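Each chain, letter by letter, is given below.
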Amino acid sequence: CRCRALLSRPAGTLRARRGLAAGPEMHFGFQTVTEEERREKIYQVFESVAKKYDVMNDSMTLGIHRVWKDILMHKMNPSPGTLLLDVAGGTGDIAFRFINYVSSVRERQLQRKLKHRQNLSWQEIFESYQKDKCNSLGDSQVVVCDINREMLKVGKQKAQHLGYSEGLSWVLGNAEELPFDNDKFDVYTIAFGIRNVTRIDLALQEAYRVLKPGGRFLCLEFSHVSNPLLSRLYDLYSFQVIPVLGEVIAGDWKSYQYLVESIRQFPPQEELKAMIEDAGFFKVDYENLNFGIVAIHSGFKL
Amino acid sequence: AAAGGLRRAGWRLWRGRAVVRCQHYPPLRALQASAVLRRASDEHKKEPLTSSSQQHFDSPPAGHQPEQEPQGPHPSYTGQGGQESEDYESEEQLQHRILTAALEFVPEHGWTAEAIAEGAKTLGLSVAAAGMFHSDGSELILHFVSECNTKLSKLLQKEQKLVQLGEAEKKPTDEFLRHAVEARLRMLIPYIEKWPQALSVLLLPRNIPSSLNLLTSMIDEIWHYAGDQSTDFNWYTRRAVLTGIYNTTELVMMQDSSPDFEDTWHFLENRVADAMTMSNTASQVQSTGEAVVQGLMGAAVTVSN
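Residues numbered from 1 in each chain as written. Chains lettered and ligands numbered in written order. Predicted model: local features only at pLDDT ≥ 70, side-chain atom pairs only at ≥ 80, totals over all residues. Heavy atoms only, no water.

Looking up chain B in an unreviewed UniProt entry gives the name Ubiquinone biosynthesis protein, with the organism given as Gymnorhina tibicen. According to UniProt, the comment filed for chain B under the heading Subcellular location (unreviewed entry) is "Mitochondrion". (UniProt positions renumbered as here; feature names shortened; annotations may be inferred.)

As annotated in an unreviewed UniProt entry, chain A carries the name COQ5 protein and is attributed to Gymnorhina tibicen. Under Subunit (unreviewed entry), UniProt gives the following word-for-word description of chain A: "Component of a multi-subunit COQ enzyme complex, composed of at least COQ3, COQ4, COQ5, COQ6, COQ7 and COQ9. Interacts with PYURF; the interaction is direct, stabilizes COQ5 protein and associates PYURF with COQ enzyme complex."

Asks: Would you mind showing me how to read the overall build of chain A here?
Replies: Of regular secondary structure, chain A possesses 12 helices and 9 strands. For chain A, the C-alpha atoms occupy an extent of roughly 75 × 40 × 35 Å along the three principal directions. Per-residue burial for chain A yields a buried fraction of 53% across its 302 residues. The contacts of chain A with a sequence gap of at least 6 include a subset with a gap of at least 24, amounting to 74%. Summed over all atoms, the accessible surface of chain A reaches about 14100 Å², with 55% contributed by carbon and sulfur. Averaging the positions of the 39 positive and the 37 negative side-chain charges in chain A gives two centres separated by 3 Å. (Helix = DSSP H or I, 4+ residues; strand = E, 2+ residues; numbered from the N terminus. Buried < 20%, exposed > 50% of the residue type's maximum accessible area, 1.4 Å probe, protein only. Contact = heavy atoms within 4.5 Å. Areas by Shrake-Rupley, 256 points an atom, 1.4 Å probe, with all protein chains shown as cover. Lys, Arg positive; Asp, Glu negative; His and termini not counted. Charge placed at Lys NZ, Arg CZ, Asp CG, Glu CD.)

Asks: Sorry if this is basic, but what is going on with the UniProt feature "domain: COQ9 C-terminal" (unreviewed entry) in chain B here?
Replies: Mapped onto the present numbering, the UniProt feature "domain: COQ9 C-terminal" (unreviewed entry) falls on residues 208–278 of chain B. Structurally, residues 208–278 of chain B is divided into 80% helix and 0% strand, and its ends, taken at the C-alpha atoms, are 30 Å apart.

Asks: Where do I start with helix H9 (residues 200–210) of chain A in this structure?
Replies: What sets the pattern is the α-helix's 3.6 residues per turn: residues three or four places apart point alike. For H9 of chain A, the tally of buried residues reaches 8 of 11 residues, placing the bulk of the element in the interior. Three or more residues of H9 of chain A are buried, namely Ile 200, Asp 201, Ala 203, Leu 204, Glu 206, Ala 207, Tyr 208 and Val 210 of chain A.

Asks: I tried to follow unusual backbone geometry on my own but got confused; where do I start?
Replies: Keep in mind that most residues, glycine aside, have a negative phi and that most peptide bonds are trans. Residue and element names in this part refer to chain A. For Leu 62, which is not glycine, the phi dihedral falls at a positive 55 degrees. Among the structural elements, Leu 62 can be located in the loop between helix H4 (53–61) and helix H5 (64–76). Exposure remark for Leu 62: the relative accessible area of 67% places this residue in the exposed category. For Phe 291, which is not glycine, the phi dihedral falls at a positive 60 degrees. As for its position among the elements, Phe 291 is in the loop between strand E8 (282–289) and strand E9 (294–300).

Asks: What is the right way to look at the domain arrangement of chain B in this model?
Replies: A common way to report how large an interface is uses the accessible area buried once the components associate. Residues and elements named next belong to chain B. The domains assigned to chain B are domain 1 (91–135) and domain 2 (138–294). For domain 1 versus domain 2, the separation of C-alpha centres amounts to 29 Å. Contacts between the two partners involve 15 residues from domain 1, matched on the other side by 12 residues from domain 2. Across the domain 1/domain 2 interface, buried area totals approximately 1300 Å², and carbon plus sulfur atoms make up 69% of it. (Domains from an automatic or database assignment. Buried area = accessible area lost by both parts, 1.4 Å probe.)

Asks: Would you explain the sheet that holds E8 of chain A in this entry?
Replies: In a beta sheet, neighbouring strands are held together by backbone hydrogen bonds and run either parallel or antiparallel to one another. Residue and element names in this part refer to chain A. Read from one edge to the other, the open sheet built from 7 strands follows the order E5-E4-E3-E6-E7-E9-E8, with strand pairing classed as mixed. Bordering the open sheet on either side are strand E5 (168–172) and E8, each of which pairs with just one other strand. The mean angle between the axes of side-by-side strands here comes to 15 degrees, regardless of whether they run parallel or antiparallel. Judged from the 5 bridges that link them, strand E4 (residues 141–146) and E5 form a sheet pairing that is parallel. Each bridged residue has a counterpart across the sheet, and for Asp 146 the counterpart in E5 is Leu 172. Taken strand by strand, helix H6 (residues 93–116) contacts strand E3 (83–87), E4, E5 and strand E6 (185–191), and its axis lies near 175 degrees from that of E4. (Pairing = 2+ DSSP bridges. Axes fitted to C-alpha atoms, helices over the stretch in contact; angles between N-to-C directions.)

Asks: I keep staring at the packing of aromatic side chains and nothing clicks. Help me out?
Replies: Each pair of aromatic rings is reported with the distance of its centres and the angle of its planes. One pass over the structure, following the stated rule, counts 19 aromatic pairs over all chains. Each ring, one from Phe 46 of chain A and one from Tyr 53 of chain A, has its centre 6.2 Å from the other, and the planes form 55 degrees; the classification is tilted. We classify Phe 46 of chain A as buried; its relative accessible area is 13%. Residue classification places Tyr 53 of chain A among the buried residues on the basis of a relative accessible area of 16%. Taking the centre distance of 5.7 Å and the plane angle of 40 degrees together, the rings of Phe 233 of chain B and Tyr 236 of chain B count as tilted. You can call Tyr 236 of chain B exposed: its relative accessible area is 52%. Each member of the aromatic cluster is reached from another via a ring pair, and the members are Tyr 188, Tyr 208, Phe 217 and Phe 281 of chain A. (Phe/Tyr/Trp six-rings, centres within 6.5 Å; stacked < 30°, edge-to-face > 60°.)

Asks: Would you mind going over the packing of H5 of chain A against H6 of chain A with me for this structure?
Replies: Each pair of packed helices gets described by two things: the angle between the helix axes and the distance between those axes. Residues and elements named next belong to chain A. Contact geometry of H5 with H6 gives a least axis separation of 10 Å together with a crossing angle of 50 degrees. Between H5 and H6, the angle falls in the class oblique. Judged by the sense of rotation from one axis to the other, the crossing of H5 with H6 is right-handed. Counting all contacts with H5, which are made through His 65, Arg 66, Lys 69, Asp 70, Leu 72, Met 73, His 74 and Met 76, the residues of H6 involved are Asp 93, Ile 94, Arg 97, Phe 98 and Tyr 101. A class-by-class count of the residues in the contact of H5 with H6 yields 6 nonpolar, 2 polar and 5 charged. (Parallel < 35°, antiparallel > 145°, perpendicular 65-115°, else oblique. Left-handed = near helix turned anticlockwise from the far one by under 90°. Nonpolar A, V, L, I, M, F, W, Y, C, P; charged D, E, K, R; others polar.)

What follows is the structure, given as structure tokens:
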């Protein structure tokens, strides 16, 4: 059963498990594959789940993933004028939250500015509304980058449906080799995506490259639960309930089996923190959400 | 994995401020080394020499950049035993610089993460660098208070030197206290509009240990320079009294609208005078009490005989 698979992980794939440059051996869930095979398989996984991605997220996490993403946004606390790169941002959850957050901060800023000018005539106040209307985001922008065309398509449709028009860009790109210049972005986020990257160290190096000095790296990802009782319950839920949900809702047992297995294969909090430090980030820290089911890692390019 | 481990260990050692010589850095680390922190050391080279009490970590890394000049006429920090120092400024120093730069945006934005973001922008960093600090601006306020205390102690030290050299008269205690408290409170004047917000943040349970620490050390310094050498309970009463005077005067200053805060300085004068009277009264009461007791003893002896 699953437990045996967990225990029988050979030591040779230790490096592969860490997403470092290994020989041909890499992990895909609990299977062993080559790097190229892994990339292809993951592409296929997301191609097939793209349409039902959001629905599955809600049903698997009972809607808590929204709270996790909100917490990530609060931690980022972006000010208007921030340039965000959301990698593996597929269906745009983080991007939309960013736009909401920044526009509400901007609104408050404008209100405060208006309060200072107390003795204006109503005419002047009206004119100031016109001026600031075309800058409701305060020049903030978010670039959503994903390697998978299907996920980007779903994301663009969602944006249209929800009415998000300005400040959004959709780019097809590989996290290990970003199509952007150096020192471009204020914040780099990767939410539930770094697990699917084949060479994590390359992705972290790319993150370092494209961030401006002083820029922030934020990673929201499933991580390891240390509490033994909770860990058992979590394993039970992961391996018994989630693939079944996947079959029932999305008609795809294997993709969700991969998902659950890949969570187990991912490095734990401290190791990921060390990898981020290796890439050159400073003040690297992590915050466990829900006892370690999910962790937010943060680092600065100083 | 071994190379990665070594790199990580080396990185942690460096960050722990142990003594590391540059040639121990693996070459890959050098290329990935911080962009801003090194640049900070370049900027320091251009700055003119300031007081020697400031420590500049700016001797350039010899192994990495041969095209840079190997030496500048700057005071470099030498640790104990004259060992080699760090070659880059530390994260804390960068944070200090960001907070200092953020202070000029406080009158406009208040003691908030926005002010810190603007400060970071002036240093050429991204606004996201404000994420290094707490979002309610506590670090900014604590930094400001500690800077003010440092300025105050330097001022008092300078004046003490003048007195020692005989170039100035030693002030009587009440005038000295008045002068010290006024000098310290005057440092708040540029930020007076937003200072009530700062006071309330300083009272948050999370910040109370640090803010109390800063307050008590400042009061202690003032008494030290006032020449207090008491070793009895007076030590506590004096500091408690001065803390009371300082806090009440600060609160009065918050809602004072007189020109150049005259009302505040009047209030301060009265409070210090009260404190002096109180101490005189206390000693008078004590001596009166002793006299009364002696009188009673004498009466008792007379009656018994």
